[in-house]
Amino acid sequence: GKSLAGKKALVTGGARGIGAAIAQSLARAGASIMIADILDDAGKASAAAIAKEGVATGFVQLDVSDDAQWERAVAATVSTLGGYDILINNAGIEITSLVSEVRAEDARRMCDVNIVGTVLGMKHAFRAMRPGGAAGKGGAVVNIASVAATIAFPSIAVYSGTKSAVDRMTRVGAMEAGKLGYGVRVNCIYPGLIPTDMGLQLANDIVKVGLAPDVNAAVGSVVEQTPLGRLAEVSDIGDAAVFLCSNEARFITGIGLPVDGGMGM
Ligand code: NAD
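These notes cover the structure that comes with them.

Conventions adopted
Residues numbered from 1 in each chain as written. Predicted model: local features only at pLDDT ≥ 70, side-chain atom pairs only at ≥ 80, totals over all residues. Heavy atoms only, no water. Axes fitted to C-alpha atoms, helices over the stretch in contact; angles between N-to-C directions. Helix = DSSP H or I, 4+ residues; strand = E, 2+ residues; numbered from the N terminus. Parallel < 35°, antiparallel > 145°, perpendicular 65-115°, else oblique. Left-handed = near helix turned anticlockwise from the far one by under 90°. Contact = heavy atoms within 4.5 Å. Nonpolar A, V, L, I, M, F, W, Y, C, P; charged D, E, K, R; others polar. Near = heavy atom within 4 Å. Polar contact = N/O pair within 3.5 Å; in protein donor to acceptor, adjacent residues only side chain to side chain. Areas by Shrake-Rupley, 256 points an atom, 1.4 Å probe, with all protein chains shown as cover. Pairing = 2+ DSSP bridges. Buried < 20%, exposed > 50% of the residue type's maximum accessible area, 1.4 Å probe, protein only.

Remarks on the packing of helix α4 (residues 104-129) against helix α5 (residues 157-179)
Stage number 1. Running from N to C, α4 and α5 cross one another at 15 degrees; their axes reach a closest spacing of 9 Å. Regarding the angle of α4 to α5, the classification is roughly parallel. Seen along the crossing, α4 lies across α5 with a hand that is right-handed. Each of A107, M110, C111, N114, I115, T118, V119, M122 and F126 in α4 lies in contact with α5, whose residues at this interface are V158, Y159, T162, K163, A165, V166, M169, T170, G173 and A177.
Stage number 2. For the contact of α4 with α5, the class distribution of residues is 13 nonpolar, five polar and one charged.

Quick notes on the site of the ligand
Stage number 1. Around the ligand sit 30 residues, and of these R16, D37, N90, Y159 and T196 come closest.
Stage number 2. Between the ligand and the protein, one listed contact pairs an oxygen atom with a backbone N or O atom of N90 at 2.7 Å.
Stage number 3. A distance of 2.6 Å separates an oxygen atom of the ligand from a polar atom in the side chain of Y159.
Stage number 4. Burial of the ligand by the surrounding chains reaches 95%, relative to a free accessible area of 820 Å².
Stage number 5. Per-element tally for the shell around the ligand: the top contributor is helix α6 (residues 197-208), with three residues.

Describing the sheet that holds strand β1 (residues 8-12)
Stage number 1. In space, the seven strands of this open sheet follow the order β3-β2-β1-β4-β5-β6-β7, with parallel pairing throughout. Unpaired on one side and paired on the other, β3 (57-61) and β7 (256-259) mark the two borders of the sheet. Strand-to-strand, the axes of this sheet are offset by a mean angle of 20 degrees, without reference to chain direction.
Stage number 2. Here five bridges tie β1 to strand β2 (residues 32-37), and the two strands are oriented parallel to one another. Paired with L10 across the two strands is M34, which belongs to β2.
Stage number 3. Contacts from helix α8 (residues 234-245) reach β4 (86-89), β5 (139-144), β6 (184-191) and β7 within the one sheet, and its direction differs from that of β6 by about 160 degrees.

Remarks on unusual backbone geometry
With the exception of glycine, most residues fall at negative phi, and the peptide bonds are largely trans.
Stage number 1. Not every positive phi belongs to a glycine, and S155 is a case in point at roughly 90 degrees.
Stage number 2. S155 gets classed as buried once you look at its relative accessible area, which sits at 6%.

These results come straight from atomic positions and should not be treated as a statement about function.
If you want it as structure tokens, here you go:
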């Protein structure tokens, strides 16, 4: 049978890119899907596309940095899908800048979305999934960090810091959830560079700040640093997320899984 049959999953940032692909992979594995995104139209379109996998889907608008909106999103997931077993904490932003040019407001927004957004997701997942919660059957959380949490790549200092924070928060979340008997496993993935909207923007920005002559050279140098010799694809991340949420990963918690073709080793 399908490894996630009957599971109910909330995917943040599921309107496009890696989030939409993870949602599709989870759906193919049998999970029903709640797409949550700050983007309304694109979020609804993504949910409709995933419904073609033959599972129940829904959409809820959510800015992950807002605690009250999380409360609403989890309630909508439980009522629409009839439970809550899986959280994919994927929403994130990247604003490229050399350290010498960093703007405080950009740094703060990255912290708000990538760090505060991720911990609030864990907070509301734990409260709903643990015994006595609105769903109450335990579950799995997958946080999306980045290879940037493990290597020093110029022009993304603040972003890298926020992703290192996601990595550490994953370990502490896993520790608490285990020791306090929530029945929730918490892991994170470090994706390599993927040409999504975010990845393509970064490739362009690398040129703008003067670190590469053109986009092809920027992408080429990443591929060159990758033993498996290509960029990551969104389905690489989707398949890894399915594994971490499945019973095959039942004794795995508190890990950071690189899905980067070896770039971060
Ligand atoms: P993307 O920009 O293509 O998509 C991000 C999605 O998140 C969008 O739908 C956007 O609307 C949504 N989002 C942004 N801010 C939000 C908020 N405050 N609340 C709710 N939703 C919000 O980016 P992507 O490449 O698909 O990245 C997804 C995740 O993967 C991010 O956490 C990113 O940091 C991480 N990542 C990306 C790469 C890459 O190369 N693309 C590599 C490593 C990690």
